[in-house]
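# Structural overview
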Amino acid sequence: MVKEKDKKEKPESQKAAKEEKPKQAKAAKKTGKAEAPVEETPEKTGKVEETEALVETNAEKFEFQSEVQQLLHILVYSLYQHKEVFVRELISNAVDALNKVQFESLLNSDIEDKDLDFRIDITMDKDKKKFIIEDTGIGMTKEELIENIGTIAHSGTVEFIKRLSESENADKMNLIGQFGVGFYSSFMAADEIHVHTRSYKKGSKGYLWKSKGDNNYTIEEKGKKHRGTRIELFLKEDEKEFLEKYRIKSIIGTHSKFVPFPIYLESEKIDSKEAIWTQPKSQLKEKDYNEFFRFFLNATDDPETYLHLSSDAPVQFNAVMYVPKVNSEIYGWVKSDPGLDLYSRKILIQKACRDILPEYFRFIKGVVDSEDIPLNISRETIQSNIRIEKIKKFILKKVFDHLNDIKSKDMDKYLNIWKNFQRNFKEGVPNEFEFREQLASLLLFYSSKTPEDKYTDLDQYIGRMTGDHYEIYYVMGANYDAIEKNPALEAFKKKDIEVLYFIDPMDAWAVDHLQTYKGKMFRPVEAADIKLDDEETEKKKQEDEKEKEQFKDAESLATCLKTIYGSRIEDVKISQRLVDSPCVLISSKSGPSPQLERIMRLQNQKADFSKKVLEINPKNKLIQEMIRIHKVNPVSQELKTLALQLLDNMILREGVIEEIDYIVPRIQDIMYEAAKSFLKEETKE
Ligand code: ADP
């Protein structure tokens with residue numbers, strides 16, 4: 001059927017005219033933008049034969065968006081492997097186009113060729129070295145041609161192209177697969193491409209788009225009998241393998257097995273597989289799910305895990321969902337689209353549906369199909385549809401059960417998921433209300449009670465709580481070592497109380513929104529209101545008169561320090577929590593939470609921070625020396641220098657580098673004094 005149409009559409013005279021066309025296009029002036037076509041001037045086209053002149057005056061020349069030019073350059077000049085992917089990409093575009101027109105035809109009776117079968121035809125013309133793929137899909141108007149295959153709409157394109165040009169060849173194909181630049185991949189195998197297309201919209205005209213994969217393309221009006229798109233690839237000299245039927249058949253067998261529309265290869269119908277989600281679970285094996293995953297995502301590897309759900313009541317639906325083994329967002333470009341496609345009775349209603357899984361689960365890919373969803377549901381009403389609401393709840397609960405199940409039964413597998421998608425889980429906490437606890441139970445943390453690279457979850461932490469330990473303590477730091485050295489941990493270590501280590505700034509952010517887990521409050525170790533009263537020290541303190549005296553002197557030093565620091569510090573106090581370190585900075589109760597402050601600081605070092613309390617430890621030798629100096633001369637220059645450096649050390653420790661111009665000379669002064677006294681000691685000996 002389609003082949004016949006081809007013949008009718010191409011009278012010999014037009015073909016001759018078409019062959020002349022590229023010469024004219026080369027002579028044409030370049031335009032800066034795709035939106036500003038350059039009309040061929042009569043001087044250039046000349047008044048030749050009637051038919052030729054007609055085609056020439058009709059053709060407009062456009063320049064590809066610069067990202068497309070760069071991409072084409074990479075595709076044409078640096079990719080030599082796996083060129084066959086273009087077949088898969090073109091079939092997948094045809095499927096999209098058919099899905100769309102199938103959907104439209106159900107809603108709207110006023111479309112072109114309403115009774116035309118939905119199908120894909122692939123033919124090869126060995127004489128002309130052409131590979132031709134035709135669909136009866138949605139087609140394109142002239143504007144759509146310019147928009148869809150002259151530009152790339154993805155917002156991360158620039159970043160993507162940069163990575164693509166920097167990456168190894170083997171990775172290039174992977175990146176291309178992930179990003180989806182399907183149509184353009186045909187230029188790996190073809191010198192020139194013609195796209196004949198006619199939109200499904202009633203009364204649409206046919207257009208012919210042509211390009212040689214350089215910086216330009218042309219569009220001309222050209223009759224096309226039926227709705228849909230025919231793409232003709234003029235194959236490169238050494239790509240003749242794509243003219244062989246057996247070769248194309250095997251590519252379809254590998255990559256396009258689940259295509260939901262009939263594919264005819266040189267008029268032979270190719271066998272395809274049933275939509276996997278409608279089949280009973282008992283008849284499916286892991287390899288079937290993996291196969292569908294590779295088809296669905298154009299992936300080369302298997303998924304990390306899959307989940308097949310079916311329900312008849314209260315709402316009928318089937319769903320097959322996957323967690324992939326890689327996270328495309330780690331390549332650095334934009335947030336990926338939602339991962340679930342919504343179907344009703346195998347008809348695609350909405351690709352990348354936003355309303356089934358919450359945004360943070362966008363990495364879960366798959367299909368949801370429900371007979372109970374009306375086909376004519378508008379995209380706006382999907383959100384408020386009561387049945388969708390029920391499906392959503394059911395699915396979300398099952399996804400949490402599934403992930404938690406993996407976590408408890410197969411930690412290695414879970415760690416792979418965690419490695420790739422932990423940011424999504426943490427990102428989700430503030431936005432998840434109903435299943436917040438289930439989401440929190442998926443979180444993993446480093447802890448003072450686990451080896452350095454091992455995680456704990458919150459249930460395990462709670463399980464280890466003993467005695468009067470009834471809150472979940474945590475401490476933040478740039479890395480494991482920095483955390484271990486944090487003086488605020490000393491008392492916790494001494495009392496053997498477990499503390500979670502937050503190395504990823506998003507840990508603190510998530511916990512700040514969680515506030516509690518299973519009724520237990522989260523508390524930063526530095527929070528000013530933590531009292532870990534060490535009874536032993538208390539007793540000793542009362543008994544030991546000398547120590548009492550020391551505390552009195554320390555109190556006096558604290559008052560003196562407070563005057564030196566002025567408005568930089570809210571208060572200076574004697575610490576009850578330090579064992580060895582000289583001092584610690586504690587957040588004041590009224591300021592922003594320490595986790596929020598840390599994130600603010602990461603973003604802007606000069607942010608105005610809350611005032612803090614400096615706690616000093618009278619048992620530390622540096623503080624004892626400072627007490628001695630203070631007793632001899634309550635406010636000497638030396639004491640002032642030491643005091644300022646003591647505070648700045650703590651601020652530096654928190655990762656804030658302010659007033660470094662004062663700090664460095666001051667450290668040098670202190671070093672000079674130290675050096676002098678060192679020599680004095682030497683000569684004494
Ligand atoms: P993607 O398919 O990932 O969007 P492509 O570069 O393969 O990227 O295609 C760009 C766009 O061109 C498609 O989104 C679609 O709008 C349009 N397109 C491509 N092939 C067809 C086709 N056979 N029928 C209708 N439109 C098509």
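In what follows, the structure referred to is the one given above.
It should be emphasised that the depicted structure is a prediction, and the values quoted were computed from it without experimental measurement.

Thresholds, definitions, all that
- Residues numbered from 1 in each chain as written.
- Predicted model: local features only at pLDDT ≥ 70, side-chain atom pairs only at ≥ 80, totals over all residues.
- Heavy atoms only, no water.
- Helix = DSSP H or I, 4+ residues; strand = E, 2+ residues; numbered from the N terminus.
- Buried < 20%, exposed > 50% of the residue type's maximum accessible area, 1.4 Å probe, protein only.
- Contact = heavy atoms within 4.5 Å.
- Core = buried A, V, L, I, M, F, W, Y, C linked by side-chain atoms within 4.5 Å.
- Domains from an automatic or database assignment.
- Pairing = 2+ DSSP bridges.
- Near = heavy atom within 4 Å.
- Polar contact = N/O pair within 3.5 Å; in protein donor to acceptor, adjacent residues only side chain to side chain.
- Areas by Shrake-Rupley, 256 points an atom, 1.4 Å probe, with all protein chains shown as cover.
- Nonpolar A, V, L, I, M, F, W, Y, C, P; charged D, E, K, R; others polar.
- Axes fitted to C-alpha atoms, helices over the stretch in contact; angles between N-to-C directions.

We now examine the environment of Q279. Its place among the elements puts Q279 in the loop between β10 (268-269) and α11 (286-297). Given the relative accessible area of 21%, Q279 is considered partly exposed. Sequence separation between Q279 and S310 is 31 residues, and the spatial gap between their C-alpha atoms is 9.9 Å. Residues within four places of Q279 in sequence aside, it is in contact with E274, L284 and H308.

Turning our attention to the nonpolar core. Of all hydrophobic cores here, the largest spans 72 residues; its most connected members are M321, L357, F361, V368, I395, V399 and F425. If one sorts the elements of this core by residue count, helix α13 (residues 386-409) sits on top with 8 residues. Of the residues that make up this core, three or more belong to each of domain 2 (276-419) and domain 3 (443-524). Residues contacting V368, with those up to four places away along its chain left out, are F317, N318, A319, L340, D341, L342, Y343, I356, I391 and I395.

Next up on the list: the pairing of strand β23 (residues 583-587). Judged by how many residues are buried, β23 sits mostly within the fold: 5 of 5 residues are covered. Here β23 shows a buried face lined by C583, L585 and S587 and a second buried face lined by V584 and I586. Two strands pair when backbone bridges link them, and β23 and strand β24 (residues 612-616) are joined in this way by 5 bridges, in the antiparallel orientation. Directly across from I586, in β24, lies its bridge partner V613.

As a structural note, the neighbourhood of the ligand is formed by 12 residues, with N93, D135, N148, F183 and T229 the closest of them. D135 has a polar side-chain atom sitting 2.9 Å from a nitrogen atom of the ligand. In the model, an oxygen atom of the ligand is placed 3.0 Å from a nitrogen or oxygen of the N148 side chain. Protein contact buries 78% of the 530 Å² of open area that the ligand shows by itself. Those elements that provide at least two residues to the shell around the ligand are α6 (85-107) and α7 (142-149). When its residues are assigned to classes, the shell around the ligand shows 6 nonpolar, 5 polar and 1 charged.

Glancing now at the sheet that holds strand β15 (residues 365-369). Pairing in this open sheet of 5 strands is mixed, and the strands run β11-β12-β15-β13-β14 from one edge to the other. Looking at the sheet topology across the chains shown, the edges are occupied by β11 (305-311) and β14 (347-350). With strand direction ignored, the average angle separating the axes of adjacent strands in the sheet is 20 degrees.

Don't take any of this as a statement about function, it's just geometry.
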